[in-house]
Amino acid sequence: MAFERNARYFGSYVMQRPAMGRITGVPLDQKTCETWPDIWGFQAHPGDVLVAAYPKAGTTWMQEVVDMIHEDGDVARCRRAPTYDRHPFLEVVAPKPVPSGLQLAEAMEPPRILKTHLPVQLLPPSFWEKKSKVIYVARNAKDCLVSYFHFQRMNKGLPDPGSWENYFSTFLSGEVPWGSWFEHVTGWWNAKDRHQILYIFYEDMVEDLRREAQKVARFLEKDLSEDVLEKICQHTSFQAMKDNPMANYSTIPTFVMDHSISPFMRKGIVGDWKNHFLVAQNEIFDEEYERRMKGTTLTFRTQL
Ligand code: A3P
C-alpha cells in the first residue's frame, strides 16, 4: 500500500543506493542509524509476534506462515495487503513520504506481527521486557550468501554487491547490511533458551513445511485443524507465493526492486550454492566456517 500509494510522488526518480552507517559495529543503513534511538526505544506489546532472521533466510516465508496461522487459514485475509504493510519491518526507514517501519508499527493495533533483521544484541529491549514471542529463521550460510548476492543486485535499497568474486569475501567478512551471518545465527541461538524464541531452520521448512508450520502453531498456542494446516501449506508453497503479489514484492516500484535482474522469489531451494561456488571458493568458505563456528552446538544442512 505505502509504496504503490507513494510511487507517484517519485515520478521519474532514480534511486540512489544507500549509504551505510554502524551501530555498535554492525553495518546498517545510514537512515536506520540516524533514527536508532527511536528504534531502540520501540515499545513492544506482550502479544506481538516478531519474525526475526538474517536477510534471505526465509523471513517472508515465515511471515506468510505466521499470518496464515493468525488468520486461521483465511487466504483472503492474508491477501489484505503486501507483506511489508501487514508486518512492519521495525528498523527500515524508507525515503519520505513512505512511512518507516516504526511509524507503521505504531499506527497498528497490537498484537502485531513484526519483522526484523537485527542481530540479537540490537533488538529493542522492550521485546524481552514484555516477553513477546520471537520466531527466528536460520538458513545455511552458503545459500544465504547466494540469495543475498542476487537480492542486492535487484534491490536498490541496499548497497551494490559488486562482482560475485568480491561479494564472496564481503559476505565472509560481515561487511554487508545487518552484519556477519556467523554472529547473527549464533547470537540468536545462544539467546533462545533465555527468552521466548522458537528457532526454525529454512532447510527444515523446505523438507517438511507441514511439520514446521505445526511447530510454529504450537509455539503460538494455536490448535490447527487438518484443513487449516493444508491451506497453510498450499498458500505458502514457493509457487503460490511467487504468484501472489501480496507476498512476492512485485508491488514495490521497479526503480527500487527490479525483478527482471533477479526475482524476489528466486529459486527457493536448498543447495543452490553448488551452482555458484567455485571449488577454491568452497574450500576457503569451509575453512572460515570451521574457524567461526567452532564451539557452537548450532549445525546447518547445506543439502537435503
Ligand atoms: P532464494 O533467493 O534462494 O530463492 P527473505 O524473505 O528472508 O528475504 O528470504 C528470501 C529467500 O526465501 C529467497 O531465496 C526466496 O526464494 C525464499 N523463499 C521465499 N518464500 C519461499 C517459499 N515459500 N518456499 C521456499 N523458499 C522461499
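Worth saying up front: this structure is predicted, and the values here are computed from it rather than measured.

Caption draft 1: Summary view of the overall build of the chain. Along the backbone of the chain there are 16 helices and 6 strands. The globule rule puts the C-alpha radius of gyration for 304 residues at 19 Å, and the 18 Å found for the chain is close to it. With the C-alpha coordinates of the chain rotated into their principal frame, the extents come out at 50 × 45 × 40 Å. Residue burial in the chain is summarised as follows: out of 304 residues, 58% are buried.

Caption draft 2: Inspection of the packing of helix α9 (residues 141-154) against helix α10 (residues 164-173) at higher detail. Running from N to C, α9 and α10 point in directions that differ by 125°, and their axes come no closer than 10 Å. In this view, α9 runs oblique relative to α10, as classed from their interaxial angle. The handedness of the crossing between α9 and α10 comes out as right-handed. On α10, the residues touching Ala 141, Cys 144, Leu 145, Val 146, Tyr 148, Phe 149 and Gln 152 of α9 are Trp 164, Tyr 167, Phe 168 and Phe 171. A per-class count over the contact of α9 with α10 returns 10 nonpolar, 1 polar and no charged.

Caption draft 3: Region of the structure containing the pattern of salt bridges. Throughout the structure, instances matching the rule amount to 25 salt bridges. In this structure, the salt-bridge partner of Glu 64 is Arg 86, at a minimum N-O distance of 3.0 Å. One end of the pair, Glu 64, is in helix α4 (residues 59-70); the other, Arg 86, is in helix α6 (residues 83-86), and 22 residues separate them in sequence. Among the ionic pairs, Glu 71 bridges to Arg 77, the shortest N-O distance being 3.2 Å.

Caption draft 4: Expanded view of the pairing of strand β1 (residues 20-23). Burial along β1 is one-sided: the residues Gly 21 and Ile 23 are buried and none of Met 20 and Arg 22 is. Note: β1 against strand β2 (residues 26-29), 4 bridges, orientation antiparallel. Across the sheet, the residue bridging to Arg 22 is Pro 27, located in β2. Counted between consecutive antiparallel strands, the loop separating β1 from β2 contains 2 residues, among which Thr 24 sits at a positive phi close to 40°.

Caption draft 5: Structural view of the site of the ligand. As a matter of local geometry, the ligand sits amid 18 residues, with Thr 59, Thr 60, Ser 147, Lys 267 and Gly 268 nearest to it. In the environment of the ligand, an oxygen atom lies 2.7 Å from a nitrogen or oxygen atom belonging to the side chain of Ser 147. The contact in question runs from an oxygen atom of the ligand to an N or O atom on the side chain of Arg 266, over 2.8 Å. Against a free-state accessible area of 570 Å², the protein chains account for coverage of 97% of the ligand. Put simply, the parts of the chain that give the shell around the ligand at least two residues each are α4 and α15 (238-242). Sort the elements by how many residues they give to the shell around the ligand and α4 lands first, with 3 residues. Taken together, the residues that form the shell around the ligand break down as 7 nonpolar, 7 polar and 4 charged.

Reading the values: rules and limits
Residues numbered from 1 in each chain as written. Predicted model: local features only at pLDDT ≥ 70, side-chain atom pairs only at ≥ 80, totals over all residues. Heavy atoms only, no water. Helix = DSSP H or I, 4+ residues; strand = E, 2+ residues; numbered from the N terminus. Rg over C-alpha atoms; globule rule 2.2 N^0.38 Å. Buried < 20%, exposed > 50% of the residue type's maximum accessible area, 1.4 Å probe, protein only. Axes fitted to C-alpha atoms, helices over the stretch in contact; angles between N-to-C directions. Parallel < 35°, antiparallel > 145°, perpendicular 65-115°, else oblique. Left-handed = near helix turned anticlockwise from the far one by under 90°. Contact = heavy atoms within 4.5 Å. Nonpolar A, V, L, I, M, F, W, Y, C, P; charged D, E, K, R; others polar. Salt bridge = Lys/Arg side-chain N within 4 Å of Asp/Glu carboxyl O. Pairing = 2+ DSSP bridges. Near = heavy atom within 4 Å. Polar contact = N/O pair within 3.5 Å; in protein donor to acceptor, adjacent residues only side chain to side chain. Areas by Shrake-Rupley, 256 points an atom, 1.4 Å probe, with all protein chains shown as cover.

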